[in-house]
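Secondary and tertiary structure notes
Listed here are the chains, written in short residue letters.
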Amino acid sequence: MTEKNAAAYYDVHWQEEGYYYPPPDFVGQANCTDPSIYQRFSLENFPECFREFADLLHWDQYWHTILDTSDAPCWKWFVGGRLNASYNCLDRHLDAYKNKTAIHFVPELEEEPILHITYQELYRRVNETAALLRDFAGLKAGDRVTLHLPMTPELPITMLACARLGVIHSEVFAGFSGKACGDRIQDSGSEVLITMDGYYRSGKMLDHKEKADEAVEAAARQGQEVKKVLIWRRYPGRYSSPTPLVEGRDFCMDEQLPAYRGRIIAPVSLPAEDILFLMYTSGSTGSPKGCQHSIGGYLSYVSWMSKYVQDIHPEDVYWCMADIGWITGHSFIVYGPLALAASTVVYEGVPTYPDPGRPWRVAEELDVNIFHTSPTAIRGLRKAGGDEPKKYNFKFKHMTTVGEPIEPEVWRWYYHVVGKAGAVIVDTWWQTETGGFLCSTLPGVNPMKPGSAGPGLPGIHPVILDDEGREIPAGEGRAGNICIKNPWPGAFQTIWKNRERYVKTYYEKYCKDPKSTDWRDWPYLAGDAAVPEEDGYVRILGRIDDVINVAGHRLGTKEIESAALRVEEVAEAAVVSVHDEVKGIIPDLYVSLKPGHDPSEELAGKVSETVSDVLGKIARPGHVYIVDDMPKTRSGKIMRRILASISNYNTVGDVTTLANPHIVEEIRKQVQD
Ligand code: PRX
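Residues numbered from 1 in each chain as written. Predicted model: local features only at pLDDT ≥ 70, side-chain atom pairs only at ≥ 80, totals over all residues. Heavy atoms only, no water.

1. Focus: the sheet that holds strand β30 (residues 624-627)
- Taken together, 3 strands build an open sheet; the order of strands is β28-β29-β30 and the sheet is mixed. Looking along the sheet, the strands with just one partner apiece sit at the ends: β28 (570-580) and β30. Neighbour to neighbour, the strand axes of the sheet diverge by 25 degrees on average, direction disregarded.
- Bridge analysis of β28 against strand β29 (residues 584-593) gives 10 bridges, and the strand direction is antiparallel. Bridged to valine 578 within β29 is isoleucine 586.
- Together, β28 and β29 form the strand contacts of helix α18 (residues 557-564), whose direction differs from that of β28 by roughly 140 degrees.
- This element, helix α20 (residues 640-647), spans β28, β29 and β30 of the sheet and lies at about 50 degrees to β28. (Pairing = 2+ DSSP bridges. Helix = DSSP H or I, 4+ residues; strand = E, 2+ residues; numbered from the N terminus. Axes fitted to C-alpha atoms, helices over the stretch in contact; angles between N-to-C directions. Contact = heavy atoms within 4.5 Å.)

2. With respect to the site of the ligand
- Around the ligand sit 16 residues in total, of which Asp427, Thr428, Thr432, Asp528 and Arg543 are the nearest.
- Here a nitrogen atom of the ligand and a side-chain polar atom of aspartate 427 are 2.7 Å apart.
- A distance of 2.7 Å separates an oxygen atom of the ligand from a polar atom in the side chain of arginine 543.
- In isolation the ligand has 540 Å² of accessible area, and contact with the protein removes 97% of it.
- Secondary-structure elements contributing two or more residues to the shell around the ligand are β20 (424-428) and β25 (538-543). (Near = heavy atom within 4 Å. Polar contact = N/O pair within 3.5 Å; in protein donor to acceptor, adjacent residues only side chain to side chain. Areas by Shrake-Rupley, 256 points an atom, 1.4 Å probe, with all protein chains shown as cover.)

3. Description of the confidence of the model for the protein
- Averaged over all residues, the pLDDT of the protein equals 94, while 97% of them reach at least 70.
- The weakest mean pLDDT in the protein belongs to helix α1 (residues 3-9) at 37; the strongest belongs to helix α8 (residues 154-165) at 99.
- Low pLDDT, under 50, characterises residues 1-13; the predicted model gives this stretch 24 contacts beyond four residues in sequence or across chains. (pLDDT = per-residue confidence, 0-100.)

4. So, the pairing of strand β10 (residues 204-207)
- Looking at chain direction, strand β9 (residues 198-201) and β10 are connected through 4 bridges and run antiparallel. Directly across from arginine 201, in β10, lies its bridge partner lysine 204.
- Linking β9 to β10, which pair antiparallel, is a turn of 2 residues; within it serine 202 sits at a positive phi near 50 degrees.

5. What about empty space enclosed by the protein?
- For the structure shown, the criterion picks out 3 cavities of 30 Å³ or more.
- For the largest cavity, the calculated volume is near 60 Å³.
- Trp75, Trp77, Glu273, Ser294, Trp488, Pro489, Ala491, Phe492 and Gln493 are the residues that line the largest cavity.
- Here the lining of the largest cavity is composed, by residue class, of 6 nonpolar, 2 polar and 1 charged. (1 Å grid on protein atoms, 1.4 Å probe; cavity = no way out; pocket = protein on both sides within 12 Å on 5 of 7 lines; lining within 4 Å. Points joined across faces, edges and corners; volume = space filled by probe spheres on them. Nonpolar A, V, L, I, M, F, W, Y, C, P; charged D, E, K, R; others polar.)

6. Some points on the packing of aromatic side chains
- Per the stated rule, a full pass over the model turns up 47 aromatic pairs.
- Between phenylalanine 136 and phenylalanine 251, the aromatic rings sit 5.0 Å apart at their centres with planes inclined by 90 degrees, giving edge-to-face as the arrangement. With a gap of 115 residues between them, phenylalanine 136 in the loop between α7 (119-135) and β6 (144-148) and phenylalanine 251 in strand β12 (residues 250-252) connect regions that are remote in the sequence.
- Seen from the ring of phenylalanine 136, lysine 228 lies directly overhead, with NZ or CZ sitting 4.9 Å from the centre.
- A cation over an aromatic ring shows up here: arginine 234 above the ring of tyrosine 235, its NZ or CZ 4.9 Å from the ring centre. (Phe/Tyr/Trp six-rings, centres within 6.5 Å; stacked < 30°, edge-to-face > 60°. Lys NZ or Arg CZ within 6 Å of the ring centre and 35° of its normal.)

Next up, the structure:
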């Protein structure tokens, strides 16, 4: 999609907004209040400026080369350095903070007590788990292991245990289906799957173990054998799933762990450029991409961002209400906060369970003062209980929004009602690929502007280009493709086992010389349309590729379409983004049938169920429309843009150049009348 119709597609009608200034109380305590920081991180000081990031970490051996560009565009940061991520998140805090809460675990059922896990206790549990992974599961540095874990402390414990050994973890969002998990097991080449028997969602205990069996089967069909399935039990000693264990393959963690009681595993000292984890994300083709994140670059980046953008001090109580199954949770529930010795909240369930007052009761009880969530959650809480926050006695100093554009109206509710007009807000724009934030205001330095993310963060130099590579001047109200001019330590290293796709997707469009080893020749193409504003802030409009951002979760249109095509009767499928009051965007699915089949509600239901079974509930379409034919160009390409206009009740525009223009009105009537 070109820049011009990307902007039209996302229907820009926001007005320029006024500034809100950070409250003096906030500025008085902020980790950064000095505007000259942007000078320190200017391009003239690149890449040396990033030494400050590295110096937030403990290095077993200090690095000698800050940035090696010889294998461009696979950048190597802090070359020669050695470190361990688990040591940086645990061991080094013990002297000062062993008795401090590392994780507050809030179970979804309100009658279950909140668990407060100290750094000492987390250290002990991570060590015992690492011993088990090494000695019972046979895992060693460089092996991949797939995690399909929900939001309980066992997820960060398992991640840190892997990190301690140098085992590469690949966590798959628990809401994803067994099949989706199996695809990721296969791609990563994992021989071990770590999962849980069940967990709570909206008050119901879900059977999660069932998905493990499906995942193992799906991986096996693709030639990847899972030798062991390790199962954490939601209630140790009690199995909560109706799905039986498979003899010789499935093992309950709580039954094995006593053998490793008290074991301390020396953290494996690893090169900075070794892989910490894979995080799969959707792209424009059917198969998800394994974004490969490094130990040194990634950890230094999320630590700096947590300190200066999240403004975390060790005495803060920090709650990021995302899921650790997404990059936000990896960076800003687990690695960033724990590297800073913060107290981080892990909440098991849905924000509105049992009622929309729940997040505010948790905030009140734990005295949370930093809160981090998505526009979808904010819209949902506002809709379900706009006055609820007023009923509870909590006070945030800092709030984050992440994952989608936030409407100024919703931003203002967040600011006035949730933040009680006393908290600073950061709208952080970034991606799975980028490891941490790219654009945001620095909370103690810049004013906020509803609907705009802010300028590039220190050391990040964005530029917005048109399709020909010309820079779009600030303040003209035109959109273009947002790129980052320079590499940064948090950036993913490549797509796992697919360097070609990495180069093609993120760098090919604007690279003038593919042989160049000069970073200046390799602007990073983020895949979002954005408008540069006069004050240097950027307004992000949305994806320019075939990715749908549903409630802040990325789904490839191709993934949904290929799931729909599994239904025997379906001939063609096309997915479009539809604006939704709460979720921001939901997918509508158009299908046409093979000859000899008739449309029915039952069949539409079957298609919807299949998508949800294959990919998980988050991919369930808003509507399934069975149409006689798809609007097509003369070369046979389905015109999704036209279907999107119909679903969004926008004008369709000129259709005369289509191969079958008459179908457009037919579909419009079917959908809108
Ligand atoms: O389109 C942008 C949107 O989310 C995409 C990245 O999704 P994902 O890799 O799943 O990471 C989500 C958490 C960082 C981006 O390409 N996006 C992310 N943050 C914002 C946003 N859109 C507007 N404003 C944001 N603050």
